[in-house]
Structure formats: C-alpha cells, structure tokens
Amino acid sequence: MADRSFVDQQLQALRLDYLRQLGEKLTALSDGRLALTWLPWEPQRAVDLHRKAHSLAGSGASFGFRELSLNAHQLELALLPLCEQTVMPDAAQLALIDTALEALFGTSRALCVGAGEPCCSPVPFPLRSEGCTKNLVLLNEESSVTSNLDTQLSFFGYSVHTASDPDSLVALVRNVAPVALLLGLARLETVSASLMPLLQEPDRVPIPLIFLSQHTDLEARLKAVRAGGSAFIPSPVEISELVLLLDSLTNVAPPEPYRVLIMDDAILLTRMHTLILRGAGMHVREVYDPAELLPALAEQQPDLVLMDMYLPGCAGHELAALIRQQPAFHGMPIVFLSSETDREIQLAAMEQGGDDFLTKPVSAAHLIAAVKSRVERARVIRGQLNRDSLTGLLSHAATTEQLGRELDRAERYGGTLSVVMIDVDHFKGVNDTYGHVAGDRVLKSLARLLRQQLRSSDVVGRYGGEEFVVLLPQTSGDQALRALDRIRNQFAHIVHYAGEAAFSVTFSAGVSSVPPFGNCNSVLEAADSALYRAKQGGRNCVLLTH
Amino acid sequence: MNPPPLKRILLVEDDPDIQAVGQLALEVVGGFEIAVCSSGQEALTVAPVFDPELILLDVMMPGLDGPATLRQLRVVAATEHTPVIFLTARSQQHEVNHYIGLGAIDVIAKPFDPMALANLITQIWTAHHG
C-alpha cells in the first residue's frame, strides 16, 4: 500500500471535490422537490429524486461526511413510498420530505463553512411558505363565494381547511389550530351555539373571526360586529385585501425583513441574540471585530445596529459616534447592549449617539420588541426615500443602489447574481377597465406574492408604474427563471375583483445574470431586452437573456 | 492453505463519487489492479478482457441492475465462476442472505470506509477460499 500521508492527501482532495459538487446536487434535489408538487403528478419524479438521495446516502460517509449520509438516508426513506404512488403526495408525506431536505441543506452548509468553501450550498427556495404554513378554517355560505380561494391563499402561505358542515367545524378548529377562522355570515346562526364557547375558551388565544358575506349593507355588518367578528370581507373576495388582513391579524413579518447588525465581541451571546432575532423573521449580520464594522455597515445597510458598550480597542459609544459621522448613517438607530448597570454611564452613552440601552441579559421578547419598534419608526422616516408607499417594496432609486451593492458583493465573493425585470401585462387596460383602485390592488398582490415566494436574501423593488425588479444573489439564471416562472403561473391564477367583475392578470419577465454581464447598466439592459422578447412572444412568460 | 492471490478487481458502479473513492480504496490503499465500469452492460464487455479475480458489483444501477448483471456474467464462459461481491445500501440480514442466495460470495454495505475496504475484501476473499 502507498504511504499513509499520500493516501490522506488523495482522500483530502477527493473530499474537497465532493464538497464543491455538493451545491449542484442539492440544487437538483431542491428543484426535484419543487417539481413534485407544482407539476402534474408523475411517480417517476419521485423515483429520480429517490435515486439522487440514495446516491448521496451511499457516498457521503465514504468521504467522511457521516451526517450527510444520515440526512440523505432520511430523505430516501421519505421518498420511497412515493415511487409507487399514483396520487400526489399528501401534506404529511411532503412534510417528511421537506424536513429531511432541510436537514440535508443545514448539514451541507455547515460542512462547507467548516471547510472554508464559500457559497457551495445554495439557499433553497421556500419549500413551504416562510415561517410554516398558516392554517385557516373556512365554513362558507351555501352559494359558493370562494372560487379557488384555497389555491390562491396557498400562494401567500395560508393553508385553507374547509369544514363541510357546521358540525365538523368545531372538530376541525381543534385539530388544525388555525390562525384565523373564515365564516360565511349566513352560517352564523347554525354554528354560534357550538362555536362561540370554543372561541372564548379561557386558555385559548382568541382566534380572529373573519366574516364573508355577499351582503354588505349595514345590517350585515352590524351582525358581524355583534358576533365578535374581527373583520368583514365582502364577497366576491378580493384576494389581496384578504391576504393583507390576514397578515395584520397574524403578525406576519413585513414585506421587507428587518436587517440588524450586531457588533459585539462576545460570540456565544451574540449567536443567541442572532437566533432570537432570526426567529422573529429578521436578517442578522454579526460583527466581532470593530475593524470590520464600517465595511459590514456599507454592505448590509442595516435598519438598526445593536452594539456592545465595551469592545476591544474602543468603547461602544465611540463607535456610535464614528457611525454617525457618515452622512448615510446619520439617522441609523443604534441600540446599546451591555451588562453596564450604572445609569450615569448608560446616559452618557446615549448622549454620544445611542438611541436606546438594553441591559444584558435581555429577554427574547424585550429584545425583539425594542428592535422592532426602533426599526419601524426609522423606516417610516426613511420611507419617503427608500420605499414605495403602495407596495412597501424598494423604490426605483433604492433598487438601483441595492443592485450596485449586490454586484460588488458578487464580485467579491464569487457566485452568480441574477436580475429579473417584471412588467405587468396590459396594465393600462386593467386601470381603464376596472379603475385605479383595482389596479393598485393588483400591484399590491403581486408585491406580496413575490415576497412570499422568494427568499429573504432576494431583493424586490418597484421599478416603475407596473414594473418590478428582483435581485437574486447566489442564483443562476436558470434557477431564477424557474422560480419566477412558478410565480408567474401562480399570479396568473389569482382572481381579482372590482365590484362584481372578476378578472385575472399576468406578467412578463426577462432574466439576466452577472456573470456574464459585469455592471448595472448592462445587466439591466439584458434583462430588459429579454423582457421585450417575452412581450413580443405573446406575454405571460419568463425568458432568459441569450 | 493459502488462498489464491487476489490481483485484479473489477468495480462496477454508476456513481462517479463512489467510483473515485472506491478507486482510492482499492488501488492506492489496497494495491490492487482495478478497472471501473459505469454500468452492467459495460461490465459484460470489459470483464472477459480484464479477467478479474473478483468483481465488486453495485446492486442499484440504472439499466442492468446488480442481480441482472450477475445473471448475465454467469452465462459467459470467462466469468461463469468469477466470485462477486455485491455493494448495497441495504444491509439487513435477510437482505444479505437474499443477495448471497443470488450467487454472490458476500455483501459490502454502502457507504463504506475507504481506509478499511481493501482489508474487508481480503478477509472475504480468504474466508471464501478457506
């Protein structure tokens, strides 16, 4: 046998190769998983996916990646029953698959980080809607006013469970633990006896009750109020209104995740704070070394900085003053986090540029609340410049700025940045036929759908009247194309209402990437010309630049 | 009595990663002379020419799977009696018995330890000829 060090060298080289190819394999798995549910069911897809998982399971540990083999084996097991199935997998089967897949992604990401291999594991597109699907229970009026309501709501992360009759309603509510209850107003009498006590159970968090009704007169609305309804939605149901209502009732994270930068040299505690804030839907960047602070700020453009008072080489309040020197960060909310209990020192720190002071240890709830309120206020102030007031997305200027930053990042860390230009089809016609209020709602629902179906690392901006731009870091043109095409399909299936009139809207889109394009203008132009071809080609499609 | 020498091993495996690590384990660590086939079909043409003392055969392959390949190998004079070891992810006892019942001398589980594979094969070889 050849000498041991030579063997080790060879094995190490093989291991690195394996890791480098892992990203692609996981992308293929992720794509395969998506295809299981949003294409017509074909057991062959499960067979192919199973084979890929089997391959990973059978090889990972040979390269020293035991955890990978185990995760892949779980995935294999979850996929096996589907290989012979003639019907589409149910929610329970998909949940098993998704859990295994997520574990696999987690393990591979950890492996790549450990090996110092950047961007080897792609961030998967949402397999389930962000933050777990929220359940709704629906009991409707006799004459159906829903028309595919459940399908459309699923695009936005809400899973509808329909009760067939008043008797099964209570059982369904118990089983499903919905975040809201949709009830046809006409059904109120039949269910009130059983329903009201349930909703008012002392231990329960009250479930918001949303009434649907064809009658929008005062009498109907009063009835809803008296029954303790949280809201009243006239039918036919305008999906964007319902989604926004559900979002506000269920505290869904705002369209753009809050970005927080934590400057603290205490690693463990910082990690804990990161986990807490991420759990609340925020994007967190950790900085341990003061020398890294300014570059990190420039790159992340956080909504808020959480900073420890005492840092190596300088005091927190000195850094705060430094941050405030920069015109761009003059209004940046800075919250000090410290075990300092001396009031005098705390106040001094605030005078130097801090906005608030939290004493460690800080509870999760307190941390989240303090950050949220500061960020919300700061965003309102900055909002005029950075955000489009209708959709909550980035404004044109902010989008272009962000594109510049993402380009820099792509250049620095490698990987592909994809850019998509979206234009709503025949939008002028929508405004002319159904009115501007309806048109605005269409735009709002598209904005919400994009946010739902893209990842929190993706950037979505309203570029023009009916034009949107999406930036997808670490994503190839093909991946971006597939993701946007799925969204295109979903959007086309949404039924909008203007009074009694029902209509659907589509969009066209063009996709380009860096590389091969190298600057803002060229990549945008390329996406634009692909968009033009999409329009010329008949609209309602997504094309890749060639 | 010493078992006959084991010099040439044919590895039949469609997964390129396992081919790579298998080659390392058998050639570099084990010192065997090896040939690699990506499919059962390829193995049928390569085996008579390479004339291995032992064939390491993956069970789950597209096209001709392991068991089907084994049946075909047995029909060809050159490989009628060549000992075969199956490579498989399934390694419950009744499954192992099943594969042995098909005509293999043993079964090796995937994923295997590349540093231990050569030894394991030598042990199996010795036991088979004992």
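The rules behind these values
All residue numbers refer to positions counted from 1 along the written sequence of the respective chain. Chain letters and ligand numbers both follow the written order, the letters beginning at A and the numbers at 1. With pLDDT at 70 or above as the cut-off, local features in this predicted model cover only qualifying residues; side-chain atom pairs require 80 or more to be listed or tallied, and sums for whole chains, interfaces and linings still use all residues. Calculated side-chain values reflect all of the structure's heavy atoms, with hydrogen atoms and water omitted. Salt-bridge detection follows one rule: a side-chain nitrogen of Lys or Arg within 4 Å of a carboxyl oxygen of Asp or Glu. The helix count covers DSSP runs of H or I at least four residues long, the strand count covers runs of E at least two residues long, and both are numbered beginning at the N terminus. For every residue, the accessible area (1.4 Å probe, protein chains only) is compared with the maximum for its type, and the residue is labelled buried under 20%, exposed over 50%, or partly exposed between those bounds. A strand pair is defined by DSSP finding two or more bridges across the two strands. Here, axes are lines fitted to C-alpha atoms. For helices the fit covers the stretch in contact, and angles between N-to-C directions go from 0 to 180 degrees. Residues count as neighbours in contact if any of their non-hydrogen atoms are within 4.5 Å of one another. As used in this record, nonpolar core signifies buried Ala, Val, Leu, Ile, Met, Phe, Trp, Tyr and Cys residues forming a set joined through side-chain atoms within 4.5 Å. Simply put, the buried area is the total loss of 1.4 Å probe accessible area from both parts when two parts are fitted together. What pLDDT expresses is the predictor's confidence in each residue, scored from 0 to 100. Every angle not falling under 35 degrees, over 145, or within 65 to 115 is termed oblique; those three ranges are roughly parallel, roughly antiparallel and roughly perpendicular. Throughout, a crossing is termed right-handed when the near helix is turned clockwise from the far one, and left-handed when it is turned anticlockwise from it by less than a right angle.

**Details of the pattern of salt bridges**
Opposite charge on two side chains permits pairing when their charged atoms draw close. Residues and elements named next belong to chain A. Under the definition given, this model contains 23 salt bridges over all chains. Salt-bridge contacts for Lys360 lead to Asp264; the nearest nitrogen and oxygen are separated by 3.2 Å. Residue Lys360 is located in the loop between β12 (356-359) and α14 (364-386), and its partner Asp264 is located in the loop between β6 (259-263) and α10 (267-279); the two are separated by 96 residues in the primary sequence. In this structure, Lys360 and Asp264 share a single accessibility class: buried. Linked by salt bridges that have partners in common, Arg285, Glu299, Glu406, Arg409 and Arg412 make up one network.

**Some details on the sheet that holds strand β11 (residues 334-338) of chain A**
Note: strands within a sheet are paired through backbone hydrogen bonds, in either parallel or antiparallel orientation. All names here are of chain A. Reading across from one edge, β7-β6-β8-β11-β12 is the order of the five strands in this open sheet, with parallel pairing throughout. Since the sheet does not close on itself, it has two edges, and those belong to β7 (283-287) and β12, each with one partner. Neighbour-to-neighbour, the strand axes of this sheet turn through a mean angle of 20°, independent of strand direction. Judged from the four bridges that link them, strand β8 (residues 304-308) and β11 form a sheet pairing that is parallel. Along β11, the bridge assignment pairs Asp308 with Leu337. Its contacts with the sheet put helix α13 (residues 343-351) on β11 and β12, and the angle it makes with β12 is roughly 145°.

**Points about the nonpolar core**
Counting residues in each nonpolar core, the largest one holds 53 residues, and the members touching the most others are A:Leu56, A:Leu75, A:Leu104, B:Ile9, B:Leu56, B:Ile108 and B:Ile121. For this core, the element with the most residues is helix α1 (residues 4-38) of chain A, which contributes nine residues. Setting aside anything within four residues of it in sequence, one finds B:Leu56 in contact with B:Ile9, B:Leu10, B:Leu11, B:Val12, B:Leu26, B:Ile85, B:Leu87, B:Ile108 and B:Ile121. A:Phe155, A:Ile233, A:Ala438 and A:Val470 belong to the second largest nonpolar core, which has 49 residues in total.

**Re unusual backbone geometry**
A cis geometry characterises the amide bond from A:Pro515 onward to A:Pro516, with omega recorded as 15°. Within the secondary structure, A:Pro516 sits in the loop between β18 (507-514) and α19 (520-536). The amide bond that connects B:Lys110 to the next residue, B:Pro111, takes the cis arrangement and shows omega of 0°. Within the secondary structure layout, B:Pro111 lies in the loop between β5 (106-109) and α5 (117-129). A positive phi is found at A:Gln474, a non-glycine position, where the angle reads about 55°. Tracing the backbone shows A:Gln474 in the loop between β15 (467-472) and α18 (477-492). For A:Asn540, which is not glycine, the phi torsion reads 50° and is therefore positive. Tracing the sequence through the fold places A:Asn540 in the loop between α19 and β19 (542-544).

**Thoughts on the interface of chain B and chain A**
Taken residue by residue, the interface counts 16 residues in chain B and 22 residues in chain A. Buried surface at the junction of chain B and chain A, both sides included, amounts to about 1,700 Å², of which 70% is carbon and sulfur. If you look at where chain B meets chain A, you find one salt bridge. Between A:Lys25 and B:Asp17 there is a salt bridge; the shortest N-O distance is 2.4 Å.

**Structural notes on the confidence of the model for chain A**
Mean pLDDT over chain A works out to 83, with 90% of the residues at or above the 70 mark. Low pLDDT, under 50, characterises residues 127-132 of chain A; the predicted model gives this stretch 17 contacts beyond four residues in sequence or across chains.

**Here's the deal with the packing of helix α2 (residues 40-50) of chain B against helix α3 (residues 66-75) of chain B**
Residues and elements named next belong to chain B. Interhelical geometry of α2 versus α3 gives an angle of 25° and a closest axis separation of 9 Å. Taken together, the axes of α2 and α3 are roughly parallel relative to one another. As for the relative orientation of α2 and α3, their crossing is right-handed in sense. When α2 is examined against α3, the residues Gly40, Ala43, Leu44 and Ala47 are found in contact with a partner set consisting of Thr69, Gln72 and Leu73.

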